[in-house]
Amino acid sequence: MTAAEHMITILAVILGTMLTRFLPFLLFPEGKTLPKYIARLGAALPCAVIGFLVVYSLKDTVSSPFHGIPEFLSVLFIVFLHKWRRNTLLSISGGSVLYMYLVQTWFR
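Residues numbered from 1 in each chain as written. Predicted model: local features only at pLDDT ≥ 70, side-chain atom pairs only at ≥ 80, totals over all residues. Heavy atoms only, no water.

**Quick notes on the overall build of the protein chain**
Right, so step 1: Counting secondary structure elements, the protein chain contains four helices and zero strands.
Right, so step 2: Each helix (α) and strand (β) of the protein chain, taken in turn from the N terminus, gives the series α-α-α-α.
Right, so step 3: Its C-alpha radius of gyration of 21 Å places the protein chain more than 25% over the 13 Å reference for a compact globule of 108 residues.
Right, so step 4: The C-alpha extent of the protein chain, read off along each of the three principal axes, is 50 × 45 × 25 Å.
Right, so step 5: Put simply, of all contacts in the protein chain between residues at least 6 apart along the chain, 41% involve residues at least 24 apart.
Right, so step 6: Summed over its atoms, the accessible surface of the protein chain is roughly 9,200 Å², and 75% of this surface lies on carbon and sulfur atoms.
Right, so step 7: Computed over 9 positive and 4 negative side-chain charges, the separation of the two mean positions in the protein chain equals 14 Å. (Helix = DSSP H or I, 4+ residues; strand = E, 2+ residues; numbered from the N terminus. Rg over C-alpha atoms; globule rule 2.2 N^0.38 Å. Contact = heavy atoms within 4.5 Å. Areas by Shrake-Rupley, 256 points an atom, 1.4 Å probe, with all protein chains shown as cover. Lys, Arg positive; Asp, Glu negative; His and termini not counted. Charge placed at Lys NZ, Arg CZ, Asp CG, Glu CD.)

Structure below.
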């Protein structure tokens, strides 16, 4: 890529990022009430995305040599951490660390 193509690519990424970040605030200002379908999407999409991520993450579990034991233990640990501390970042990072520990030490 030439220097001009690099600059055009960077500007396109900046513009796309700014558009996706600022457009919702321009379309739905703070004092304006949200349309019902937007509010419904805001309530439903986080759960749908998490469900999709869980299914995607566990889809190849059956083909692993230990048939999902480290994944199952990590999911249980995530649920335990989240019920105990109610901290999403702690739950995700704790489950990730436990999973990596299990697959690198116990379940090779």
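**Observations concerning the packing of aromatic side chains**
In this description, a pair of aromatic rings is defined by centroid distance and the angle of the planes.
Right, so step 1: A full pass over the atoms with the stated rule returns two aromatic pairs.
Right, so step 2: Relative to tyrosine 56, the ring of phenylalanine 52 has its centre 6.4 Å away and its plane inclined at 20°; by these criteria the two rings are stacked. Taken together, the residues span about one helical turn, with phenylalanine 52 and tyrosine 56 both in helix H2 (residues 36-58) at a distance of four residues. Per residue, the accessibility class of phenylalanine 52 equals that of tyrosine 56, and both read exposed.
Right, so step 3: When the ring of phenylalanine 80 is compared with that of tryptophan 84, the centres are 5.9 Å apart and the planes differ by 15°; the resulting orientation is stacked. (Phe/Tyr/Trp six-rings, centres within 6.5 Å; stacked < 30°, edge-to-face > 60°. Buried < 20%, exposed > 50% of the residue type's maximum accessible area, 1.4 Å probe, protein only.)

**Regarding the side chain of threonine 61**
Right, so step 1: Mapping threonine 61 onto the fold places it in the loop between H2 and helix H3 (69-85).
Right, so step 2: A polar atom in the side chain of threonine 61 sits 2.8 Å from the backbone oxygen of leucine 58.
Right, so step 3: In contact with threonine 61, other than residues within four places in its own chain, are His67, Gly68 and Glu71. (Polar contact = N/O pair within 3.5 Å; in protein donor to acceptor, adjacent residues only side chain to side chain.)

**Thoughts on the packing of H3 against helix H4 (residues 88-106)**
Right, so step 1: Contact geometry for H3 and H4: axes closest at 8 Å, N-to-C directions at 155°. Relative to H4, H3 is oriented roughly antiparallel. As H3 runs across H4, the sense of the crossing is right-handed. On H4, the residues touching Pro70, Glu71, Leu73, Ser74, Phe77, Ile78, Leu81, His82 and Arg85 of H3 are Thr88, Leu90, Ser91, Gly94, Gly95, Leu98, Tyr99, Leu102 and Val103.
Right, so step 2: Across the contact of H3 with H4, the residue classes break down as 10 nonpolar, six polar and two charged. (Axes fitted to C-alpha atoms, helices over the stretch in contact; angles between N-to-C directions. Parallel < 35°, antiparallel > 145°, perpendicular 65-115°, else oblique. Left-handed = near helix turned anticlockwise from the far one by under 90°. Nonpolar A, V, L, I, M, F, W, Y, C, P; charged D, E, K, R; others polar.)

**Quick look at helix H1 (residues 3-27)**
Right, so step 1: Taking 1.5 Å of rise per residue, 25 residues should cover 36 Å, and H1 covers 35 Å from first to last C-alpha, within 8% of that figure.
Right, so step 2: Of all the bends found along H1, the most pronounced is centred on arginine 21 and spans about 30°, while proline 24, a proline, follows it within four residues. (Expected span 1.5 Å × (residues − 1). Bend = angle between axes of the 7 residues up to and from the residue.)

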